[in-house]
Amino acid sequence: MVMNNESSPWQFDAKDLYVPITYDGNIVGLGKPKFATHVVELLADETRLRKALRLACADLIVKSGGDLNAVDQLMRQYLLRTERPKFGPRAIAALLRDRQQELDITDEEFVKFCDSYRLSRSALNNIFAGEGINDQVLGILSRIIGKSVEELIAVRDGHPPKV
């Protein structure tokens, strides 16, 4: 709703209202109500999941007879393992998963798709297992993933492509 009085320079637009986002009673930001609700839900879910991870790690340490002071270290290890790999065979496996999702096909259909490019099921399994990727396979992967061979070499070897 816009209040527009021709005789006054003052106006407001009710659809541009912002609400405060607070954490432990302190304002940490402002946002439109719909956006703020979504942000708060996501942050609450993350907090809940971190608490669950802490409890699971503590339970694991207790059951294995370890030191409870190692909970934070174990949590960091698990969180690190969930990050998307940037380099190496696992990063190329992630690119293959992205391609499968783009195509919106099942695992078996993706295996057949890769096989049509001459990438065998066993070679595909080796990539997903994190085994090394030789240069002969890079051309095939380039066509499947849609990136140049140079880009894939950079991902595989962990260095930026030469321009």
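In this text, all values refer to a predicted model and were calculated from it rather than measured experimentally. (Residues numbered from 1 in each chain as written. Predicted model: local features only at pLDDT ≥ 70, side-chain atom pairs only at ≥ 80, totals over all residues. Heavy atoms only, no water.)

> Go over the side chain of Arg156, please, and point to the residues and values.
Along the chain, the position of Arg156 falls in helix H7 (residues 149-157). In contact with Arg156, not counting residues within four places along its chain, are Gly88, Ile92, Ile133, Asn134, Asp135 and Leu138. (Helix = DSSP H or I, 4+ residues; strand = E, 2+ residues; numbered from the N terminus. Contact = heavy atoms within 4.5 Å.)

> Please provide a residue-by-residue account of the nonpolar core, values included.
By size, the foremost hydrophobic cluster in this structure holds 21 residues, and its most contacted members are Leu96, Leu119, Ile127, Leu141 and Ile144. Going through the elements one at a time, helix H3 (89-103), helix H4 (107-116), helix H5 (121-128), helix H6 (135-145) and H7 are the ones with two or more residues in this core. Here this core gets six residues from one element, more than from any other, and that element is H6. Each residue touching Leu141, except ones within four places of it in the same chain, is listed here: Ile92, Leu96, Leu119, Ile127, Ile133, Gly146 and Leu152. Ranked by size, the runner-up nonpolar core spans five residues in total, among them Ile61, Val71, Leu74 and Met75. (Core = buried A, V, L, I, M, F, W, Y, C linked by side-chain atoms within 4.5 Å. Buried < 20%, exposed > 50% of the residue type's maximum accessible area, 1.4 Å probe, protein only.)

> Describe unusual backbone geometry, naming the residues involved and giving the relevant values.
A positive phi is found at Asp24, a non-glycine position, where the angle reads about 50 degrees. Inspection of the secondary structure puts Asp24 in the loop between strand E3 (19-23) and strand E4 (26-31). In this model, Arg118 sits at a positive phi of 75 degrees, which is unusual for a non-glycine residue. Summarising the element assignment, Arg118 is placed in the loop between H4 and H5.

> If you had to explain a nonpolar patch on the surface to someone new, which residues and values would you point to?
A grouping of Tyr18, Ile27 and Leu30 is seen on the molecular surface, where their side chains present a nonpolar patch of about 370 Å² in accessible area. The topology assignment puts Tyr18 in the loop between strand E2 (11-13) and E3. (Patch = residues over 30% accessible without salt bridge, like charges linked within 9 Å, V, L, I, M, F, W, Y side chains within 5 Å. Areas by Shrake-Rupley, 256 points an atom, 1.4 Å probe, with all protein chains shown as cover. Salt bridge = Lys/Arg side-chain N within 4 Å of Asp/Glu carboxyl O.)

> Lay out the pairing of E3 with the relevant residues and their values.
Both E3 and E4 contribute to a ladder of five bridges, which runs antiparallel. Following the sheet pairing, Val19 is matched in E4 by Gly31. Count of turn residues in the E3/E4 antiparallel hairpin: two residues, of which Asp24 carries a positive phi of about 50 degrees. (Pairing = 2+ DSSP bridges.)

> So, the packing of H3 against H4: which residues are in play, and what are the values?
Packing of H3 against H4 leaves a shortest axis separation of 10 Å and a crossing angle of 110 degrees. By the angle between their directions, the pair H3 and H4 is classed as roughly perpendicular. Contacts between H3 and H4 pair Leu96, Arg97, Arg99, Gln100 and Leu103 from the former with Asp107, Phe110 and Phe113 from the latter. A per-class count over the contact of H3 with H4 returns four nonpolar, one polar and three charged. (Axes fitted to C-alpha atoms, helices over the stretch in contact; angles between N-to-C directions. Parallel < 35°, antiparallel > 145°, perpendicular 65-115°, else oblique. Nonpolar A, V, L, I, M, F, W, Y, C, P; charged D, E, K, R; others polar.)

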